[in-house]
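The residues making up each chain are set out below.
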Amino acid sequence: MTGTQRRLVVVSNRVGPLNDEGKAGGLAVGLADALRKRGGLWFGWSGNVSDKGTFSELSTEIAGTTALTTIDLSEAELEGFYFGYANRSLWPLLHYRLDIARFDRQSDRIYRSVNQRFAARLFPQIDDNDLIWVHDYHFFYLGSELRQCGFTGRLGFFLHIPFCPPEILTALPASHDLVRSMLAYDVVGFQTELDRRNFASFCVQELDGEELPDHQIRVHDRVVRAIACPIGVDAEGFADFALSPEAVEHEEMMRDIAHGRHQIVGVDRLDYSKGIIERLRGFEQLLEDYPENRGTSQFLQIAPLSRVELDAYAELRTEVEQIAGNINGRFATLDWTPVQIMTRGFTRKALAGIYRAARVCMVTPLRDGMNLVAKEFVAAQDERDPGVLVLSRFAGAREELSEALIVNPYSSEDVARAIQRALTMSLSERRDRYDALRHAVFTNTAGHWCAAFLRELEGAPPQ
Ligand code: ADQ
């Protein structure tokens, strides 16, 4: 960090690690890339539950130029804040899943109190010259709580997941409070134009706000800048991973087990937003509609378990295993198993090798903020013989990666058609599409995303 640069203070639910190639989770991957380059303070939950009730442990760890500071949650906070409000209410709702979102007053209360407690612990560690950058749906209220403490410096917020339309968000009992609290930030960033527009619509339709030029929104006496700032990956770094001995070993292993068959892969946390069930149905449809793929293609789904404490996730796991089992039961032969599901994590180098061995990568979420797997897959490809990306129209990445084969994940016929097209695509078309995708992924990297957001925040007028 140079002397003239303001210190960067990042707040996110999970902190670090700054260097861990085995870590799953897009947010950690994106931020670690950014903080390693700039340095500063990273503050959030330790991942630990302390039995001391509301008493919090503050632990500080210095990693290179970045101090990592964390506090514990109590058992009641873990349940109400993390599982309850963040992951039973906000996650499904913001992913347009009103049907499974659950709301209760107690979780709402605990969520706000955790935001308040985090703000109270952070406030003594910062000063008004710092740039505070708060991340994601766990901390909507943190900015307004910091203002309550008396913080008058620059405050930014970035939402990693979608922002649903006001017609859906208003089902949240305290939706007005939630969006009003976002106005305490100077800059609010979204993954896509669509998300930004949904936020602006909420402010206009529900809070009597007004859109001003230059992406500013006024609500009563507050003006906030709302921008679309799509996250990227460390494309050069990931491309290097793909050439590492560990990647090459995994790539070769994949090719060996394929016995010349086409490998189709999917890599996602086991989450209902990722469309894994629909993807399996699409693959089954491929085997029905295009029988030449029986015995000549196989589908590997890597799906590390996530939020297993929640019913919706446990049910999803059972359903995925059942559907995969049914497809295998129906189509497998003595020497061919069409679908393989793995829930283990891989190092990032191993993943890069797996992506490189894949002829097709399926990124077909029903709704996704961005989806970094799509970008990593592109970064890992061999330009002489690149694989094909099949991408959902409902992934944020679609706005930048329009040269992928874009599908409606709800239509198994559409998904099957796209896989078939990918498997039979000429090398020259694969290369042409890959060139365009590569350009997008290497132009807007994690570093660009971070710099673009911080430029906006630095330029924000003081409170
Ligand atoms: P996620 O929902 O976690 O992130 P995504 O963007 O796809 O989704 O990131 C997943 C990350 O985990 C990728 O970097 C991937 O490589 C890694 N990963 C997945 N499976 C793995 C495995 N088995 N082993 C090791 N690593 C694995 C949220 C939003 C997204 C948004 C990101 C970043 O939901 O829409 O893109 O934040 O803003």
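It should be emphasised that the depicted structure is a prediction, and the values quoted were computed from it without experimental measurement.

Cut-offs used in this document
- Residue positions are given per chain, counting from 1 as you read along its sequence in written order.
- Whole-chain, interface and lining totals are the exception, using all residues; otherwise, since this is a predicted model, local features are given only for residues with pLDDT of at least 70 and side-chain atom pairs are given and counted only at 80 or more.
- Strands here are runs of E lasting at least two residues and helices are runs of H or I lasting at least four, both read from the DSSP assignment and numbered beginning at the N terminus.
- Three exposure classes are used, based on other C-beta atoms lying within 10 Å of a residue's own C-beta, which is placed from the backbone: buried for 20 or more, exposed for 12 or fewer, and partly exposed in between.
- Each residue is represented by a C-beta atom placed from its backbone, and any two residues with such atoms within 7 Å are regarded as in contact.
- Between any two strands, at least two bridges found by DSSP are needed for them to pair.
- Axis angles are defined between N-to-C directions and span 0 to 180 degrees, where every axis is a line fitted to C-alpha atoms and, for a helix, only to the segment in contact.
- Crossover handedness is defined here as right-handed if the route from the first strand over the helix to the second strand goes clockwise, with the strands pointing away from the viewer.
- Reported domain spans reflect what an automatic or database domain assignment gives.
- Residue polarity is assigned by list, with Asp, Glu, Lys and Arg as charged and Ala, Val, Leu, Ile, Met, Phe, Trp, Tyr, Cys and Pro as nonpolar; anything else, Gly included, falls into the polar class.
- Per residue, pLDDT measures the predictor's confidence, with a range of 0 to 100.
- Any set of buried Ala, Val, Leu, Ile, Met, Phe, Trp, Tyr and Cys residues joined through C-beta atoms within 7 Å is what this text calls a nonpolar core.

Undergrad: I'd love a proper account of the overall build of the protein, names of residues and values included.
TA: On a plain count of helices and strands, the protein comes out with 16 helices and 16 strands. In terms of overall dimensions, the protein has a C-alpha envelope of 70 × 50 × 45 Å along the principal axes. A buried classification covers 50% of the 463 residues belonging to the protein. For the protein, restricting intrachain contacts to residue pairs at least 6 apart in sequence, the fraction spanning at least 24 positions comes to 76%.

Undergrad: Describe the sheet that holds strand S5 (residues 131-135), naming the residues involved and giving the relevant values.
TA: To summarise the sheet geometry, strands pair through backbone hydrogen bonds and adopt either a parallel or an antiparallel arrangement. Overall, mixed pairing links the 10 strands, which are arranged S3-S4-S2-S1-S5-S6-S7-S10-S9-S8 in an open sheet. One side of each edge strand has no neighbouring strand; the edge strands of this open sheet are strand S3 (58-63) and strand S8 (210-212). Averaged over all adjacent pairs, the angle separating strand axes in this sheet is 25 degrees, with direction ignored. One ladder, built from 3 bridges, connects strand S6 (residues 154-158) with strand S7 (residues 187-190); its direction is parallel. Bridging across to S7, Phe-157 finds its partner in Val-188. Along the sheet, helix H4 (residues 142-149) makes contact with strand S1 (8-14), S5 and S6, crossing S6 at roughly 165 degrees. Strands S7, S8, strand S9 (216-219) and strand S10 (222-228) of the sheet are contacted by helix H7 (residues 193-207), whose axis makes an angle of about 155 degrees with S10.

Undergrad: Break down the sheet that holds strand S16 (residues 405-407) for me, citing the residues and quoting the values.
TA: Strand order in the open sheet formed by 6 strands is S13-S12-S11-S14-S15-S16, and the pairing between neighbours is parallel. Two strands close off the open sheet at either side, each with one partner strand: strand S13 (339-342) and S16. Put simply, the sheet's adjacent strands are angled 20 degrees from each other on average, direction ignored. Note: strand S15 (residues 388-392) against S16, 3 bridges, orientation parallel. In the strand pairing of S16, Val-390 is matched with Leu-405. The strands touched by helix H14 (residues 412-423) are strand S11 (262-267), strand S12 (297-302), strand S14 (360-363), S15 and S16; relative to S16, the strand with the most contacts, the crossing angle is about 170 degrees.

Undergrad: Quick one: what's the story with the pairing of S13, residue by residue and with numbers?
TA: Residues Val-339 and Ile-341 point to one face of S13 and are all buried, whereas Gln-340 and Met-342, pointing to the other face, are not buried. In terms of strand pairing, S12 meets S13 through 4 bridges, oriented parallel. When the bridges of S13 are listed, Leu-300 appears paired with Gln-340. On the question of chirality, the crossover connecting S12 to the parallel S13 by way of helix H11 (residues 311-331) is right-handed.

Undergrad: How would you summarise the domain arrangement of the protein if you had to cite specific residues and measurements?
TA: Along its sequence, the protein is carved into domain 1 (8-232 + 446-458) and domain 2 (235-442). The centre of domain 1, based on its C-alpha atoms, is set 30 Å off from the matching centre of domain 2. Taken together, the contacts link 20 residues of domain 1 with 20 residues of domain 2. Among the elements of the structure, helix H1 (26-38) and helix H2 (75-94) are those that each provide at least two residues to the side of domain 1 that touches domain 2. If you tally residues by element for the side of domain 1 that touches domain 2, the top one is H2, at 3 residues. Grouping the constituent residues of the side of domain 1 that touches domain 2 by class yields 9 nonpolar, 8 polar and 3 charged.

Undergrad: Give a description of the confidence of the model for the protein that names residues and reports values.
TA: Per-residue confidence for the protein gives a mean pLDDT of 93; residues scoring 70 or more make up 94%. For this predicted complex, the interface confidence reaches an ipTM of 0.99, while the overall pTM sits at 0.96.

Undergrad: Any details on the environment of Val-11? Residues and values, ideally.
TA: Structurally, the position occupied by Val-11 is in strand S1. The class for Val-11 is buried, based on 26 C-beta atoms found within 10 Å. Separated by 128 residues in the primary sequence, Val-11 and Phe-139 have C-alpha atoms spaced 8.5 Å apart. When sequence neighbours within four positions are dropped, the list of residues in contact with Val-11 reads Phe-43, Gly-44, Leu-122, Ile-132, Val-134, His-135, Phe-139 and Leu-142.

Undergrad: Tell me about the nonpolar core, and please be specific about residues and values.
TA: Inside soluble globular proteins, nonpolar side chains tend to come together where they are buried. Ranked by size, the top nonpolar core spans 138 residues in total, and within it Cys-361, Ala-374, Leu-389, Val-390 and Ile-419 carry the most contacts. When residues of this core are assigned to domains, at least three map to each of domain 1 (8-232 + 446-458) and domain 2 (235-442).

Undergrad: Kindly report on the pairing of strand S4 (residues 66-73), identifying the contributing residues and their values.
TA: Most of S4 is tucked away: 7 of the 8 residues are buried. Examined bridge by bridge, strand S2 (residues 40-49) and S4 share 7 bridges and lie parallel to one another. Looking at S4, one finds that Val-49 is bridged to Leu-73. Of the pairings in the sheet, the one linking S3 to S4 comprises 6 bridges and is antiparallel in character. Among the inter-strand pairings, Glu-61 is bridged to a residue of S4, identified as Leu-68. Counting the residues that bridge the hairpin from S3 to S4 gives 2 residues, and of these Gly-64 lies at a positive phi of roughly 65 degrees.

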